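So you can see what is in the structure, the chains are spelled out below.
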Amino acid sequence: MLRGAGRIVAAVAVAAVAVTGCEVTTGGSGEAGPQPQGKAGSALAAVDSLTVKGRAPKTGYARERFGTAWADTDSNHCDTRDDILKRDLKGVRYADGDCKVVAGTLSPDPYGGKDIAYARGRSKVDIDHLVALSDAWQKGAFQWQPSKRIAFANDPLNLLAVDATPNRSKGDGDTATWLPPNKGYRCTYVAGQVAVKKKYGVWVTAAERDAMKKVLHTCPDQKLPTGGNPTAAPPRFHAG
């Protein structure tokens, strides 16, 4: 009778799981618990707010679809490239007032961790779009109005001064295909991509979403960056 009663109890427990959809756990060591999903306001939590779709064709993409480089979307009379150099370099020197950056030091370069000297005209410093323009085009930007694409291309939230060498290896890669060689910067980098994609409604592929979560699970409290320009600022342009 006792043996039969044991079978009945086990059967009832299995039936309860099937009806409620609950998972019975013993709490023993060695069992994998749920992955952390991140606190409110974290980049990890924000990943789940991104739309997941397949990559659209690159057909029709051109740099000019995002406006002439570089527009003055914040109307401060300086072009966006100089604004980012001014923000990210140390020991900045100017020509023609306080707009045209002619020298400085990227210390350190976030992608490689080295100090890079900047000299205008002989620069080893690029201004990277965290979310590449081509990547954005294939994940929704082909549908946008021109003003939104200009804002996206010139948004400080999406821009970073970096060493040209690792940046050019990135191409239009997303988190699933490229990460900075500097492992200590990867959480910040991916959080930035999540913030930009969330702000502009750029979608992600399933592989990209999974890669974002893999990085951010190592830093579940990494905050989601905020700020940057409005998404449809009126453009102004500067030569150069």
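Residues numbered from 1 in each chain as written. Predicted model: local features only at pLDDT ≥ 70, side-chain atom pairs only at ≥ 80, totals over all residues. Heavy atoms only, no water.

Draft legend 1. Structural detail: the pairing of strand β3 (residues 116-119). Side chains Ile116 and Tyr118 project from β3 onto a buried face, and the interleaved Ala117 and Ala119 project onto a face without burial. Relative to β3, strand β2 (residues 100-106) runs antiparallel, the two being bridged by 4 bridges. Bridge pairing links threonine 105 to alanine 117 in β3. (Buried < 20%, exposed > 50% of the residue type's maximum accessible area, 1.4 Å probe, protein only. Helix = DSSP H or I, 4+ residues; strand = E, 2+ residues; numbered from the N terminus. Pairing = 2+ DSSP bridges.)

Draft legend 2. How the structure looks around the pattern of salt bridges. Taken as a whole and judged by the stated rule, the model has 15 salt bridges. With its nearest N and O atoms 2.7 Å apart, the salt bridge here joins aspartate 135 to lysine 139. On the basis of relative accessible area, aspartate 135 is assigned to the buried category, the value being 2%. Note that glutamate 208 is salt-bridged to lysine 197, the shortest N-O span being 2.6 Å. (Salt bridge = Lys/Arg side-chain N within 4 Å of Asp/Glu carboxyl O.)

Draft legend 3. Region of the structure containing helix α5 (residues 146-153). Of all the residues in α5, the buried ones are Arg149, Ile150, Ala151, Phe152 and Ala153. Packed against the buried residues of α5 are β4 (125-129), α4 (133-137), β5 (159-163) and α7 (186-200). (Contact = heavy atoms within 4.5 Å.)

Draft legend 4. Representation of the nonpolar core within the structure. By size, the foremost hydrophobic cluster in this structure holds 37 residues, and its most contacted members are Tyr111, Phe152, Val194 and Leu216. Looking at this core, the elements with two or more residues in it are α2 (43-47), α4, α5, β5, α7 and α8 (206-216). By residue number, the principal contributor to this core is α7, which donates 8 residues. Core analysis: the second largest hydrophobic core is formed by 12 residues, Val101, Tyr118, Val125 and Ala161 among them. (Core = buried A, V, L, I, M, F, W, Y, C linked by side-chain atoms within 4.5 Å.)

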